[in-house]
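# Structural description and commentary
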Amino acid sequence: MEFVSTRGGGRASFEDVLLGGPAADGGLFLPADWPAFSFAEIRELASVSYAEAAVRILLPFASGTFSAEELRIDASSAYASFSHRAVAPLRQLAPDLFLLELFHGPTFAFKDLALQLMARLFARALARRGRQATIIAATSGDTGSAAIAAFRGQPGLQVVVLHPKDRVSEMQRRQMTTVTDANVHNIAVEGDFDDTQAIVKQLFDDVEFSRRMNLTAVNSINLARILAQTVYYFTAAAALGAGEGRAVNFVVPTGNFGDVFAGEAAARMGLPVGRLVIATNVNDILVRALSTGEYGIAGAVQQTFSPSMDIQVASNFERALFEASGRDASWVRRVMMEFRSARRFPIPESVRANLRGRYIAEKSGESDTLDAIRHTWSGAGMIVDPHTAVGLGAYARLREQLDGPVVALATAHPAKFPDAILHAIGIRPQIPEALAKLPVLEEHCTWLPNSTSAVKKFVWECTGS
Ligand SMILES: *Cc1c(COP(=O)(O)O)cnc(C)c1O
C-alpha cells in the first residue's frame, strides 16, 4: 500500500512510514486509501488470538514490505510479552459499559500495544537495509518507558527520550531512568510536553541532521503506531457483536489525539463505530475546538492528575482535519502554517460538522477525575487510573447521548499513579513486582534546557557521531 502526506507531499511505502518521522513536507502520513473489512471478517476476529487479529488488520497496510508470515512471527512474540492471555481484555462495569484494559504490557500503559510490535518490525526492516538508526521520542510519561522497554539493547539502535522535567509521575520517570542498557538515553527538558514535542519536530526539520542520524519518531506521529492501535478497537467491537445494525461507542482519554484517531481509522476500515468520545482533562484545546470552531492555544499547559494528557498541541488532530475536510491537503497546509505563527486557526463549518458527526468532546476537571475514581471503586470495586477516570467522568455526563454498548479505554494501570489514587480513595493500589522494585534502583538522566540546539548536541554526542 502507498501512503500520502496530510499536506500533499510525495508518496511513501509502509517501510518509509515505519522507519521515518513526519513526511518531508512536515505533514503526517495516511494510507492513500483505507482498506475495507466486511462484517463477516470482523465477526471472525472474535474467535482468533489478539496476535492473529493484528496480522489480519495490518496486512493490507504492510503488504509489499512484510509478508503475513513475518507479521505473524513478530505479532506472536510482541503479544507474548503481555501478562494477560487476552492481551486487551474487556471487563463489564454496567449493563452497557465495558472497560477495555490496555495496561497488561511490560510498562503498564497502552503504549506497549503498538511499541512492542513496532520494535520487532523495525528491527526486521533495519536488518534488511543493513542500517543503524536513532529513535527519538518526546513523552508525556508513558511513550518513553514503552519505547525504552521495546528497543533497549537492540543492536544498531540508539533510543533518546525527552520528558518534561518534574511533569511526569515518579513511577513513570523511574520506569525510564532506571534502565541500564547502553543504548538508552534519557533527557529531562526544562519545559512542558509541548516544548519537548516541538524540539523533536525541529530535529526532523533539520533534514541534514535527521538524515545523518537516521532519526525515527516513535511518537504517535508515526502512523505504524496508530495502525497497530486500531487492532483493539476491532477486537473489542467484535467481542461485543458489532455488525449490521449494531455499532459500538468508544470513550478515549485523549492527549495527542493518536489513540482516538485510531478509532476513526477503524471506522474508516469498516468497523461499526457509533460515537468516539474525546475525553480531555483541563488541557481542553480539543473540546474548545469542537464547540467554538477555533483551534487555539489558551495559556500554558496545566499539570493534572493525568500527566500523560497534559498537552495543548494535539499533533494527530491534523489527520482528523485532513479527513474531515475531504482530504484537502492545501487547506491543511495553510492552517498548519497559520497555527505555527498565530497559535490558532478557524475550522470551517463544513469541517466542524464532519468532526461533530463522529466525535463528542468532553472535559473532566480535576474533581471530576477524583469523583470518577471514587465512583468506580464504590460501585464496581475496581481501582482505575486517573487517565481512565477522565474518560469515565466524561461518560457519566454523556451517557444519554450514546446509543448501544460503550467501551471505555483503560489506558494505564493505577499503580503508575499511586498518589492520585491515594488522594481519591485513601488506598494505595497494589503495586506489581516490576514497579515495586524501581525506587531502589539508580536513575540515569541528563537535564537540558528547553533548547533544540542543546538536544541536538546531546544526540550527536551520545550516538558517537
Ligand atoms: C498517552 C496516553 C494517553 C493519551 O493518548 P494520545 O494518543 O496521546 O491521545 C492517555 N492515557 C495514557 C495513560 C497515556 O499514556
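Here goes a summary of the coordinates provided. (Residues numbered from 1 in each chain as written. Predicted model: local features only at pLDDT ≥ 70, side-chain atom pairs only at ≥ 80, totals over all residues. Heavy atoms only, no water.)

## Overview of the sheet that holds strand β10 (residues 273-280)
Strands sit in the order β3-β4-β14-β9-β10-β13 across an open sheet of six strands; the sheet is mixed. At either margin of the open sheet sits one strand with a lone partner, and together these are β3 (90-94) and β13 (359-363). When the angles between neighbouring strand axes are averaged without regard to direction, this sheet yields 25°. The pairing of strand β4 (residues 97-101) with strand β14 (residues 406-410) spans five bridges and is classified as parallel. Bridged to Phe98 within β14 is Val407. Contacts between helix α10 (residues 223-239) and the sheet are confined to β3, β4, β9 (248-253), β10 and β14, with β9 contributing the most and set at about 140° to the helix. Strands in contact with helix α17 (residues 386-398) are β3, β4, β9, β10, β13 and β14; relative to β10, the strand with the most contacts, it is inclined by about 120°. (Pairing = 2+ DSSP bridges. Helix = DSSP H or I, 4+ residues; strand = E, 2+ residues; numbered from the N terminus. Axes fitted to C-alpha atoms, helices over the stretch in contact; angles between N-to-C directions. Contact = heavy atoms within 4.5 Å.)

## Concerning unusual backbone geometry
With a phi angle near 50°, Asn214 is a residue other than glycine that sits in the positive phi range. Among the structural elements, Asn214 can be located in the loop between α9 (207-213) and β8 (215-217). Notably, Arg343 is not glycine yet its phi reads approximately 65°, a positive angle. By the secondary structure assignment, Arg343 is in the loop between α14 (329-342) and β12 (344-346). The class for Arg343 is partly exposed, based on a relative accessible area of 36%. (Buried < 20%, exposed > 50% of the residue type's maximum accessible area, 1.4 Å probe, protein only.)

## What to know about the sheet that holds strand β7 (residues 184-189)
Taken together, the five strands give an open sheet; going across it, the order is β8-β5-β6-β7-β15, and neighbouring strands pair in parallel fashion. Across the chains shown, the open sheet's two edge strands, defined by having one partner strand only, are β8 and β15 (446-448). When the angles between neighbouring strand axes are averaged without regard to direction, this sheet yields 30°. Relative to β7, strand β6 (residues 157-164) runs parallel, the two sharing six bridges.

## Regarding the pairing of β14
Judged by how many residues are buried, β14 sits mostly within the fold: five of five residues are covered. Residue alternation in β14 divides its side chains into two sets, Val406, Ala408 and Ala410 and Val407 and Leu409, and both sets are buried. Bridge count for β9 against β14 is three bridges, and the pairing is parallel. Within β14, the residue paired with Asn249 across the bridge is Val406.

Coordinates in, geometry out; function isn't part of it.
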